[in-house]
Amino acid sequence: MTDLARWRDLVRLARGYRRPILGAAALSLLGTLLALTQPLLAREAVDGAAAGSLPWPVIGALTGLFAAQASALALARYVQAHTGEKMTRDLRRTVTVHLLRVRLSALDDGRIGDLIARACGDTAAVKTLIAQSLGTGVAGVAGLAAAIVLLGWLDPWLLAAVVVLFGGSFGALLAVVRRVRIASRAAQTAEGLLAADLERALGGIRVVRACRAERLEAERLDTSAGRAYLANLRMAGMVALSGPANDLAVSGAFLTVLLVGATRVSSGAMTLGELVAFTLAMTYLAAPVYEIFQAVSAVQQGSGALHRINEVLALPIERDRPVAVAPVRGATRRTVPVLEFRDVWFGYEPGRPVLRGVGFAVPARGQIALVGPSGAGKSTIFALAERFYEPDRGSVLLHGRNAAVTSYARHRAAVGLVEQDCPLLAGTLRENLLYGAGPVSAGELRRVLAMTGLTTMVAGLPDGLDTPVGDHGRRLSGGQRQRVAIARCLLSRPDLILLDEPTAHLDPDSELALAATLHEVSSVCALVVIAHRFSTVRSAGRVLVVDGGAVTADGGHDDLVRSSPFYRRLAFAGTGEAAPPNHPVPDSPATWAPLPAARRLSG
Ligand SMILES: Nc1ncnc2c1ncn2[C@@H]1O[C@H](COP(=O)(O)OP(=O)(O)OP(=O)(O)O)[C@@H](O)[C@H]1O
C-alpha cells in the first residue's frame, strides 16, 4: 500500500466527519495561537518586574490567556475523542452489516475469528487514528508555522540554532515512524490470527475435549499469542524509542537556547525578557512538532487497521438484481414447478465442478426424496436452491422464473431450509421458533408445536417456551433441535421446504410421527428431503438419485428398483429382504465409498 493510497483512504473515511474534524482543528489552532501570544506578554511582565514594578494588567491578561488556551485545547480533545468514538461505531456498523451480507463463497476460506478481530479491534484502532491525527495534525502544522514566525521575529539567530537541532531529530523520528507502520501491520495480522485460532478452538470445544486435544490447541494458541507478543513488542520498542528521542531533541534545544541566550543577554544583544519570551515560545514549538509526529505515527498505525477493514469491505456481498416483474400468483403458482434446476453446473473452486448438469423440477405440492452416496452433491444442491451460491452455468428457477430476478429475501422466504445439524441460536425457545417468521398467532404456534411433536417437551421445560436453549441450542437434544428447526421453518410458511435428513436424530416413534407430519406438510407446500434412511424415502412420492454431481435416476420406488443400483442398495440393504433376482445387491454399501478428495468433508 503506497503512502498516497494510505492518505487517500484516510481522507475518504474522514469525509463524512468534516465538520467535527475541522472544528477540533480550529480549536487546537486557537489554543496554539493563544499560546503564541503569551511570550509577548511574558516579555512585558518580566522586563517590567526586572525594572522594579509588576505590570498587573499584563499579568491578568496572561492568566486569562492561559485559561482560554487550556479550555480551547480541552474542548478540541473532547471533540476529537467524540469523533473518534462515532467513527468507530459507524465503521463497526458498516463492517458488521457488510459481513452479514457477504457471499458465503467468500467466507468459506475466511477465518471467522480474524473477521471478528477486524470488526472489533481494527475499528477501535481507527479511533486512535482520528483522535491523534486529523485535527491535531492540521493544528500542529499551523502551530509550527506560527511558532517559527514568532521565534524568527524574536531572535533569528537563536531560531537558526533551534531549527538545526529540531530538524535533525524530526528526520530521525520519521525514519522510526516508517518502521512503526510495518511493525503495526504485523501486530494486527498476528492479533487476527490469534482470534481466529481461539474461535476455532472454542467453536469446536467438544471435539477438542473428546479428542483430548487441549494441549495441542493450547500449543497452537501459544504460538499465535507468541507471534502477536513479538510483533507488539517490536512496535512498542519503536514507539518507546521515539518518545525519548523527541525529549532529547527538545532538552538539547532548550539548553542551547539558554546557553546562547545567556551570552547574548550578558553582551546586551537581547534583554532578559526577550530570552524568557523566546524560551516560552519554544515550548510552543515543541508541542506542534510532537503533535505532527503523533499524527504521522497514528496514521502509520491506524492505516494498517484501515487497510484490513477495507479488505473486509471489499469482500463480495449478496446484491439483489431487482427486475420489475409481476409476482407469480394463484393458479400459475400452483401449476408451475416451485423450484427447477436447469443444467446446473457448480464448483466451490474454479475447474472442480461438484454439480455437473443437474436438472429437475419440484412441483408445488408433494414430497421428493434426494438420495445418493456421501459427497455426491445433495447438500450442494440445497445450498444452490437456497441461493447461498450461484450456479457457474445453467439456472435455478423459482416459480418458473430465473431465481436471480428475485431478491434474496423473497427467495429465502419462499424456500425454507432445515439443515442436518440444525444449529439453533442462543436465546429462548420462543425466539428460536419465531426467528424470521413474522407475526404468528398463538393458535398457529400451538398447532405447529403439535405437528412437530414438541408440545410435551415444551410443557416439561422449566419456563416453557421462554426457556433458554443455550449456545447453538446445546441444552436440547439433537432430536429436539431438529424438531424445533422444522417448526421454525413451518412457521415462516415457505412454498418449499428443504430438509436435510430429518430423521437422523429421531427414535422410531418420533420418526413415524414426523413422517405423518411431513405427509401433512406436503399437502400444503412442496418438500424436498435429503434421505439417508429408506424409511424417509418411503414416504416420498418421487425419488431423485444424485451421484457424482448429477441426477442419475428420477422416479417412483418401483422404477428406481429396476433402474438404479444405488437405490436398490438403499432399499434392500439391512432389511433382510432379497433384492429382485435380476438386480443383485452389491457387496459394499455405497455410503462407505471413499469420499472424493476435497478441502471440506461433506456434511
Ligand atoms: N464449502 C465447501 N467448499 C469446498 N468444497 C465443498 C464445500 N462444501 C462441500 N464441498 C465438497 O463438495 C462435494 C459435495 O458435498 P455435499 O455436501 O454436497 O455432498 P452430500 O451429497 O450432501 O454428502 P453427504 O451425504 O455426506 O452430506 C464434496 O466433495 C465436498 O467435500
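The model shown is predicted, which means the values in this text are computed figures rather than measured ones.

Reading guide: rules and limits
- Residues numbered from 1 in each chain as written.
- Predicted model: local features only at pLDDT ≥ 70, side-chain atom pairs only at ≥ 80, totals over all residues.
- Axes fitted to C-alpha atoms, helices over the stretch in contact; angles between N-to-C directions.
- Helix = DSSP H or I, 4+ residues; strand = E, 2+ residues; numbered from the N terminus.
- Parallel < 35°, antiparallel > 145°, perpendicular 65-115°, else oblique.
- Left-handed = near helix turned anticlockwise from the far one by under 90°.
- Contact = placed C-beta atoms within 7 Å.
- Nonpolar A, V, L, I, M, F, W, Y, C, P; charged D, E, K, R; others polar.
- Buried ≥ 20, exposed ≤ 12 C-beta atoms within 10 Å, placed from the backbone.
- Core = buried A, V, L, I, M, F, W, Y, C linked by C-beta atoms within 7 Å.
- Pairing = 2+ DSSP bridges.

Novice: What is the right way to read the packing of helix H14 (residues 442-451) against helix H16 (residues 478-491) from this model?
Specialist: The axes of two packed helices give the description: the angle between them and the distance between them. Interaxial distance between H14 and H16 falls to 9 Å at its minimum, and their mutual angle equals 140°. Classified by the interaxial angle, the pair formed by H14 and H16 is oblique. You can see that H14 and H16 cross each other, and the crossing is right-handed. Of H16, the residues touching H14 (which contributes Val448, Leu449 and Met451) are Ala487, Leu490 and Leu491. In terms of residue class, the contact of H14 with H16 is made up of 6 nonpolar, no polar and no charged.

Novice: What's the story with unusual backbone geometry in this structure? I'm lost.
Specialist: Even without being glycine, aspartate 343 reaches a positive phi, approximately 45°. Given 13 C-beta atoms within a 10 Å radius, aspartate 343 is considered partly exposed. Its identity is not glycine, yet arginine 387 carries a phi of approximately 60°, on the positive side. Here arginine 387 is to be found in the loop between helix H11 (378-385) and strand S4 (393-398).

Novice: How should I be thinking about the nonpolar core in this particular structure?
Specialist: Generally speaking, a soluble globular protein has its nonpolar side chains buried in company with each other. Formed by 66 residues in total, the largest nonpolar core has its most connected members in Leu370 and Leu496. If you tally residues by element for this core, the top one is H16, at 7 residues. Excluding residues within four positions of it along the chain, leucine 496 makes contact with Val338, Leu339, Val362, Ala414, Val415, Cys525, Ala526 and Val528.

Novice: I'm lost on H11 in this one. Help?
Specialist: For an α-helix, the turn length of 3.6 residues means that residues three or four places apart are oriented alike. By the criterion of burial, H11 is predominantly enclosed, with 7 of the 8 residues buried. Among the residues of H11, Lys378, Thr380, Ile381, Phe382, Ala383, Leu384 and Ala385 are the ones counted as buried. The positive-phi residue at the C-terminal boundary of H11 is arginine 387, with phi of around 60°.

Novice: Would you take a moment to explain the pairing of strand S7 (residues 496-500) for this structure?
Specialist: Extensive coverage of S7 is indicated by the burial of 5 of its 5 residues. Burial along S7 is two-sided: Leu496, Leu498 and Asp500 and Ile497 and Leu499, pointing in opposite directions, are all buried. In the sheet, strand S6 (residues 415-418) pairs with S7 via 4 bridges, with the strands oriented parallel. Within S7, the residue paired with valine 415 across the bridge is leucine 496. Here S7 runs beside strand S8 (residues 526-530); their pairing, made up of 5 bridges, is parallel.

On their own, these measurements won't tell you what the molecule is for.
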